[in-house]
Amino acid sequence: QVQLVESGGGLVQAGGSLRLSCAASGRTFSTYSMGWFRQAPGKERESVATINWRRGDTYYADSVKGRFTISRDSANNTVYLQMNSLKPEDTALYYCASKPTLYHGFGSWGQGTQVTVSS
């Protein structure tokens, strides 16, 4: 099992920035990749960004590409999401998740941290 705790959410004006952090503990040695997901009211959960834990390869949703940056600190088992040029449509509950292997889904999830962007 992997325990994930997100932090860094808050209220910010459009155009502003926030940095989300996700601290992992437990069976972190099994991590294949980690990612950030978000869910806004009335919408389905969507993938925002993922990072391969060993290689560092990244993926971004088209809606955040060029504005968000996912990074990792392997030594501290922490993943970050730097969010710049925030838009009201970025408002959502952001979740950190861990994927144990290439052939398994994101099985460990954090409690989520709220990001609210005002217009």
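Below you will find a few notes about this structure. (Residues numbered from 1 in each chain as written. Predicted model: local features only at pLDDT ≥ 70, side-chain atom pairs only at ≥ 80, totals over all residues. Heavy atoms only, no water.)

Comments concerning the nonpolar core
This is how the line gets drawn: Nonpolar cores were defined as sets of buried Ala, Val, Leu, Ile, Met, Phe, Trp, Tyr and Cys residues, with membership established by side-chain atoms within 4.5 Å. Note on classification: 1.4 Å probe, protein chains only; a residue is buried when its accessible area is under 20% of the maximum for its type, exposed when over 50%, partly exposed between these limits. Secondary structure elements are defined from DSSP: runs of H or I of at least 4 residues count as helices, runs of E of at least 2 residues count as strands, and each element is numbered from the N terminus. Contacts between residues were defined by any pair of non-hydrogen atoms, one from each residue, lying within 4.5 Å.
Counting 28 residues, the largest nonpolar core has Trp36, Val79, Leu81, Met83 and Tyr94 as the members making the most contacts within it. Within the residue set of this core, elements represented by two or more residues are β1 (2–7), β3 (18–26), β4 (33–39), β5 (46–52), β7 (68–73), β8 (78–83), β9 (92–99) and β11 (113–118). Counting residues per element, this core draws most heavily on β3, at 4 residues. With residues near it in sequence (within four places) discarded, Met83 still touches Gly16, Ser17, Leu18, Leu20, Arg67, Phe68, Tyr94 and Val115.

Examining the sheet that holds β8
The condition that has to hold: Pairing between strands is defined by DSSP: at least two bridges between them are needed. Convention adopted: a line fitted to C-alpha atoms gives each axis, helices being fitted over their contacting stretch, and angles between N-to-C directions are expressed from 0 to 180 degrees.
Spatial strand order, β1-β3-β8-β7: 4 strands in an open sheet with antiparallel pairing. Where the open sheet ends on each side, the last strands, each with one partner, are β1 and β7. Mean inter-strand twist for the sheet, computed between neighbouring axes without regard to direction, equals 15°. Where β3 meets β8, 6 bridges bridge the pair, whose relative direction is antiparallel.

Focus on the environment of Asp90
Threshold: Identification of polar contacts relies on pairs of N or O atoms within 3.5 Å, with a donor-acceptor requirement for protein atoms, meaning one able to donate a hydrogen and the other able to accept it, and with residues adjacent in sequence counted only if both atoms are side-chain atoms.
Secondary-structure assignment places Asp90 in the loop between β8 and β9. Apart from the residues within four sequence positions on either side, Asp90 is in contact with Arg38, Val64, Arg67, Phe68, Ser85, Val115 and Val117. Engagement of the side chain of Asp90 in a polar contact is seen with the backbone nitrogen of Lys87, the distance being 2.8 Å.

Regarding the packing of aromatic side chains
Ring pairs (aromatic) are described by centroid distance and by the angle formed between their planes. Worth spelling out the cut-off: Within 6.5 Å between ring centres, the rings of Phe, Tyr and Trp (the latter by its six-membered ring) count as paired, and their orientation is classed by plane angle as stacked under 30 degrees, edge-to-face over 60, tilted in between.
Taken as a whole, this structure holds 3 aromatic pairs when the rule is applied. On the numbers, 5.0 Å between centres and 75° between planes, the contact of Phe37 with Phe106 is edge-to-face. Of this pair, Phe37 sits in strand β4 while Phe106 sits in the loop between β9 and β10 (108–109), and the two are 69 residues apart along the sequence. Judged by relative accessible area, which is 21%, Phe106 ranks as partly exposed.

Digging into the pattern of salt bridges
Quick note on the threshold: Each reported salt bridge corresponds to a side-chain nitrogen of Lys or Arg within 4 Å of a carboxyl oxygen of Asp or Glu.
Enumeration over the complete set of coordinates arrives at 4 salt bridges. Asp90 serves as the salt-bridge partner of Arg67, at 2.8 Å between the closest nitrogen and oxygen. Within this pair, whereas Arg67 is found in the loop between β6 (58–60) and β7, its partner Asp90 is found in the loop between β8 and β9, the two being separated by 23 residues in sequence. Neither Arg67 nor Asp90 differs from the other in exposure class; each is buried.

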